[in-house]
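Chain and residue survey
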Amino acid sequence: MVQSAPPLFRTLSELRAQIAAWRGAGLRVGFVPTMGALHEGHLSLVRAAKAQCDRVLASVFVNPKQFSPTEDFSRYPRDEAGDSLKLASAGCDGVYVPDVAEMYPQGFSTQVIVSGVSMPLEGEMRPHFFGGVATVVAKLLIQANAHAAFFGEKDYQQLLVIKRLARDLNIDTEIIGCPTVREADGLAMSSRNAYLDAGERQIAAQLNILLRQAIARLRDGDDIVAVENETFAKVKETGFTCVDYIAVRDAESLQPVQSLNQPARIFAAAWLGQTRLIDNIEI
Ligand code: AMP
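The notes below deal with the structure included here. (Residues numbered from 1 in each chain as written. Predicted model: local features only at pLDDT ≥ 70, side-chain atom pairs only at ≥ 80, totals over all residues. Heavy atoms only, no water.)

**Considering the sheet that holds strand β4 (residues 94-96)**
Spatially, the six strands line up as an open sheet ordered β1-β4-β3-β2-β5-β6, and their pairing is parallel. Taken across any chain shown, the strands that pair with only one partner, and hence form the sheet edges, are β1 (8-9) and β6 (174-178). Judged from the five bridges that link them, strand β5 (residues 148-152) and β6 form a sheet pairing that is parallel. Along β6, the bridge assignment pairs A149 with I175. Contacting β1, β2 (29-34), β3 (55-60) and β4, helix α1 (residues 12-24) runs over the sheet at an angle of about 165 degrees to β3. Where helix α2 (residues 40-52) meets the sheet, it contacts β2, β3, β5 and β6, and its direction lies at approximately 150 degrees from that of β5. (Pairing = 2+ DSSP bridges. Helix = DSSP H or I, 4+ residues; strand = E, 2+ residues; numbered from the N terminus. Contact = heavy atoms within 4.5 Å. Axes fitted to C-alpha atoms, helices over the stretch in contact; angles between N-to-C directions.)

Below you can see the structure in the form of structure tokens.
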């Protein structure tokens, strides 16, 4: 069966009319925000939404506010036609594709800052990042007015930040986390993997392998700080050009843990040339 491309909504008023029609018909609406260049990770969120909701809205918006001036905003991969076909195949019912002026009209001056969970890890390495993410996601959640919104555990800290802001701002959308989708060799799928050349792609897979080895050692009772430091060194030796962090953290607060008697995860961020990869796994 050939699935036709879902309707595109370029303006907030078009989006609102569709959401009002769905809600008016008593339908449960699921929402999947993305920055496009879609892969199976994104599509798994659409499928999860489809399984739990009557209609699924996706958004594709490359948010300039979450990139610093030295980051990859202008070269971030964009493929509206390809994305639209992929979304159709996953059963998506509509795609919100605002441009920057629609999202941030002249005079826009509000920023959403989530303290606490947005401060460590990515917050330390990319100080501009969560302000941009929280601002756009708060806007998108308000605009989409969905019953539930679906986010990947691939960006686990981002998921916690979004859960916090939805609670704090009384946004009446359930925030649902979904498991990370990986390539066959364990590499977490990411739009940024498209930047990797063949040599870098091989090295990239080592990140997940080394995190799994670290988890095996932690489960055997090895010292947490020693495992963090030794994994950091191994990631570097494998050929990553720079390692931002390898960190074992509490799964809710993201603070360092003294023992594994509480739910914890291991988090990693590392560079291959100009490409920054992140991953995390439950311990
Ligand atoms: P992005 O387009 O990278 O901003 O991601 C949009 C959404 O897709 C976020 O909720 C991400 O966490 C999620 N996502 C990205 N990669 C994956 C993956 N490999 N598995 C599951 N979800 C993912």
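Picking up after the structure, the text goes on.
**Details of the layout of surface pockets**
Within this model, the second largest pocket holds a volume of roughly 330 Å³. Lining the second largest pocket are 20 residues, and of these V60, F61, E80, V97 and P98 lie nearest its centre. For the lining of the second largest pocket, the per-class residue count stands at twelve nonpolar, two polar and six charged. (1 Å grid on protein atoms, 1.4 Å probe; cavity = no way out; pocket = protein on both sides within 12 Å on 5 of 7 lines; lining within 4 Å. Points joined across faces, edges and corners; volume = space filled by probe spheres on them. Nonpolar A, V, L, I, M, F, W, Y, C, P; charged D, E, K, R; others polar.)

**Regarding the packing of aromatic side chains**
Tallying each qualifying case throughout the model produces six aromatic pairs. Ring centres of F61 and Y104 lie 6.1 Å apart, and the angle between their planes is 55 degrees; on these two criteria the pair is classed as tilted. Linking F61 in the loop between β3 and α3 (80-89) with Y104 in the loop between α4 (100-103) and α5 (122-125), this pair joins segments that are 43 residues apart in sequence. Its relative accessible area of 6% is what places F61 among the buried residues. A centroid spacing of 5.8 Å and a plane angle of 55 degrees characterise the contact between Y156 and F267, whose relative ring orientation is tilted. Separated by 111 residues along the polypeptide, Y156 in helix α7 (residues 156-168) and F267 in strand β8 (residues 264-272) bring together distant segments of the chain. Take F267: its relative accessible area is 4%, and that puts it in the buried class. (Phe/Tyr/Trp six-rings, centres within 6.5 Å; stacked < 30°, edge-to-face > 60°. Buried < 20%, exposed > 50% of the residue type's maximum accessible area, 1.4 Å probe, protein only.)

**Topic: the sheet that holds strand β7 (residues 242-250)**
One open sheet accounts for three strands, arranged β7-β8-β9; its pairing is antiparallel. Of all the strands in the sheet, the pair left with one neighbour each is β7 and β9 (275-282). Strand-to-strand twist of the sheet, defined as the mean angle between neighbouring strand axes without regard to direction, takes the value 10 degrees. By the bridge criterion, eight bridges tie β7 to β8 in an arrangement that is antiparallel. Across the sheet, residue Y245 finds its bridge partner in β8, namely A269.

**Considering the packing of helix α8 (residues 198-219) against helix α9 (residues 224-238)**
Direction vectors running N to C along α8 and α9 enclose 160 degrees, while the axes themselves pass 10 Å from each other. By the angle class used here, α8 and α9 are roughly antiparallel. Of the two elements, α8 crosses α9, and the hand of that crossing is right-handed. Where α8 abuts α9, its residues I203, Q206, L207, L210, Q213, A214, R217 and L218 lie against I224, V227, E230, T231, K234, V235 and T238. (Parallel < 35°, antiparallel > 145°, perpendicular 65-115°, else oblique. Left-handed = near helix turned anticlockwise from the far one by under 90°.)

**Focus on the site of the ligand**
Looking at the ligand, there are 16 residues lining it, with M35, H42, D155, V181 and M189 nearest. V181 is positioned such that a nitrogen or oxygen atom in its backbone is 2.8 Å from a nitrogen atom of the ligand. In the model, a nitrogen atom of the ligand is placed 2.9 Å from a nitrogen or oxygen of the M189 main chain. Relative to its unbound accessible surface of 480 Å², the ligand loses 92% to contact with the protein. Elements represented by at least two residues in the shell around the ligand include exactly β2, α2 and β5. (Near = heavy atom within 4 Å. Polar contact = N/O pair within 3.5 Å; in protein donor to acceptor, adjacent residues only side chain to side chain. Areas by Shrake-Rupley, 256 points an atom, 1.4 Å probe, with all protein chains shown as cover.)

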